Amino acid sequence: QDLLVYAIEGIAQYAKRARDLGEIDNEADAFMLYGLFTTLTNVNFSAPRFVNLIHQAVNHRERVQYLYEKAAKYEGVEIESLQGSAIWQPADTQEALQAQAEAAAIDKDLKTAGEDIVGLRAMMLYGLKGVAAYAYHAYVLGGEDEAIYAGLEKSLDFLATDPMDADALLAANLEVGSINLKVMEVLDAANTGNFGAQEPGEVRITPVRGKAILVSGHDLKDLSELLEQTQGMGINIYTHGEMLPAHAYPKLRAYKHLVGNYGSAWQNQHEEFAAFPGPILMTSNCLIEPTPAYKNRIFTAGPVGWPGVRHIENHQFMPVIQAAKALPGFAELGEDKYVTVGFGRHAVMSVADKVIDAVKGGDIRHFFLVGGCDGAAPGRNYYTDLAEKIPNDCVIMTLGCGKYRFHEQDFGNIGGIPRLLDIGQCNDAYSAIQIASALAGAFECDVNELPLSLMISWFEQK
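Everything in this summary refers to the structure shown in the same document. (Residues numbered from 1 in each chain as written. Predicted model: local features only at pLDDT ≥ 70, side-chain atom pairs only at ≥ 80, totals over all residues. Heavy atoms only, no water.)

Here we come to unusual backbone geometry. It is generally the case that most residues other than glycine have a negative phi and that most peptide bonds are trans. The phi dihedral of asparagine 42 is positive, around 60°, even though this residue is not glycine. By secondary structure assignment, the location of asparagine 42 is in the loop between α2 (26-37) and α3 (47-75). Overall, asparagine 42 belongs to the buried group, its relative accessible area being 16%. Phi angles above zero are rare outside glycine, and aspartate 162 is one such case at about 50°. With respect to the helices and strands, the residue aspartate 162 is situated in the loop between α7 (146-159) and α8 (166-195). Judged by its relative accessible area of 30%, aspartate 162 falls in the partly exposed class. (Helix = DSSP H or I, 4+ residues; strand = E, 2+ residues; numbered from the N terminus. Buried < 20%, exposed > 50% of the residue type's maximum accessible area, 1.4 Å probe, protein only.)

Our focus in this paragraph is the sheet that holds strand β2 (residues 211-216). With respect to topology, six strands assemble into an open sheet ordered β4-β3-β2-β5-β6-β7, the strand pairing being parallel. Whereas interior strands pair on both sides, the edge strands pair on one side only; in this sheet they are β4 (258-261) and β7 (310-312). Strand after strand, the sheet turns through a mean of 30° between neighbouring axes, direction not considered. Helix α9 (residues 220-229) rests against β2, β3 (235-239), β4, β5 (280-282) and β6 (298-301) of the sheet, and its axis sits at about 170° to β3. (Pairing = 2+ DSSP bridges. Axes fitted to C-alpha atoms, helices over the stretch in contact; angles between N-to-C directions. Contact = heavy atoms within 4.5 Å.)

Working note: α-helix, 3.6 residues per turn, so residues spaced by three or four point in the same direction. Given a rise of 1.5 Å per residue, 14 residues ought to cover 20 Å, and the 20 Å separating the end C-alpha atoms of helix α16 (residues 429-442) matches this to within 8%. For α16, the complete set of buried residues consists of Tyr430, Ser431, Ala432, Ile435, Ala436, Leu439 and Ala440. Glutamate 444 occupies a position one or two residues after α16 and carries a positive phi of about 50°. (Expected span 1.5 Å × (residues − 1).)

Moving on: the pairing of strand β10 (residues 394-400). Each regular strand shows side chains that alternate between the opposite faces of the sheet. Buried residues dominate β10, accounting for seven of its seven residues. As defined by bridge partners, strand β9 (residues 366-372) adjoins β10 across seven bridges and the pair is classed as parallel. The residue bridging phenylalanine 367 from the neighbouring strand is valine 395, located in β10. Of the pairings in the sheet, the one linking β10 to strand β13 (residues 420-424) comprises four bridges and is parallel in character. Bridging from a neighbouring strand, leucine 399 pairs with glycine 424 of β13.

Scanning the entire structure with this criterion turns up 15 aromatic pairs. Measuring from centroid to centroid gives 6.3 Å for phenylalanine 406 and phenylalanine 411, while their planes differ by 85°, and the two rings are edge-to-face. One exposure class covers both phenylalanine 406 and phenylalanine 411, and it is buried. Site record: aromatic cluster; members linked through ring pairs are Tyr34, Phe37, Tyr136 and Tyr139. (Phe/Tyr/Trp six-rings, centres within 6.5 Å; stacked < 30°, edge-to-face > 60°.)

See the structure below:
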C-alpha cells in the first residue's frame, strides 16, 4: 500500500505540471482515486492486486510524463528534472517490492523530521485517501469536477517533496478539507441525480422468507446494478451497515425486492455474516477478515479485496446470483420491525419553517449530531447512553454507523418533527452541514453559535 501511494505521488507530480500547461489526463486522475481508495482502512488486503496496481501506476505515470514534457517543449518551458517517486521503478516480484517498501513508508524519516511533521504529513495523506474514496463513489455515478482533480494533484505533489515546514503542512491540510467539502457536494449531486433526493420512509429490519443477497459497504452504483440484474428472479436484496440509507432514494426503493436491512454496523459482521443464509457482497470499505463460516460465499467488488475471496469486475454479478440460488435463504418470517430513514437535507429543509418555528417557540431547545463510523472497542455504549439521556425537547441527528447504537428506539416527535433524524451515510455529513448552514442563515448567526453539539464516535480517513 505504501508503494502504491508512492507511485501515485509520482503520477501527481507530472499531472500537476501538465495541468499547469493546459494538458489534462482524467484517466490518470480516475486511477489515482481508485488506487488511493484501495489503501483505506478495511478495503483491500490482496497483495497480488496491489502488485498489479503498482505496475499500472507506473504506466500511468509514464504516459502523463510524456504529456507534460510534450507540452513543456511546445510552450518553450524548461522541463523540470523530478526525482523520488517521479522516477522510481518497481521491482518485478512481490518479495522484492516488499524490500522496497521501507523507503516509501510514512515514517521513513521519523528520527530526522520528528513526530509533528510526520504526523501532519500522515494526516494530510489520510485526508486525501478520504477525498479519493468519496470522489470515486461520485465518479462511478458520473460525477466529476476538475477542481477536485487539480486539488488532488497539487496536494500529492506537495507530499512528494517530503515537506518539513509545519505551517505549510497545516495550511495544506486545511486545503484538503476544502477539497473534501467539494467532493461531498459532487457526490451528493451524483447520488440524488441518479436516484432522486432522499425521502423519509420505513425500512424493514427483520427478514422475509426467500432467497437472499446481502449488500454491505457504501456503493449505491453496485447496489443499483445488482437490483437491476436480479429483477424477477425471486431473490430478495438486503442492505447492511452503511447501505441502510439506500432505502431512502426513490429509484432504489422502487425495486420491490429491496426488502429490508439486515444486521448492524461493520464491526459485527463476523457474527451477522455467518448467520446470513445467502451470499454477501462487499462494495467498498468496512471489510474485516472473513471467517471460514462464510468466506466461500462472500464476494468483493470495486476497490475491495481479500486473499481467496472471489472478486466481481464491471458489475457482472452472476456469480453472486448463482450463489443465492444455491443457498437456502430465509425459511421463516421474522417479527415485523422497522426503522425510519431518509432525513437528508432535502427532506429536512422541506419542513425548515416548522423546525425554525419550533426553535423560536422553545419547543426544540438543542440539536445533537451523533455520528461517525463506530467501532468494536469497549465503552462504545456511551453513545447509546447519551442518546437515551438527551432531553425530550431536543432533536438527535445521526449519520454513519453510529446510528446502530440507538436507531431502533422510539424517541417520539416534537410537533410532528421526529426527534431522531437519520441523515444517511458518513458522506451525508454534507447534508448535515447544509442543514446547519440553513439554520444559521435563518437565525442570522454563525454556525458555531447554533444550539448544536457534535458527538463523533470515530473518524477515519473520510
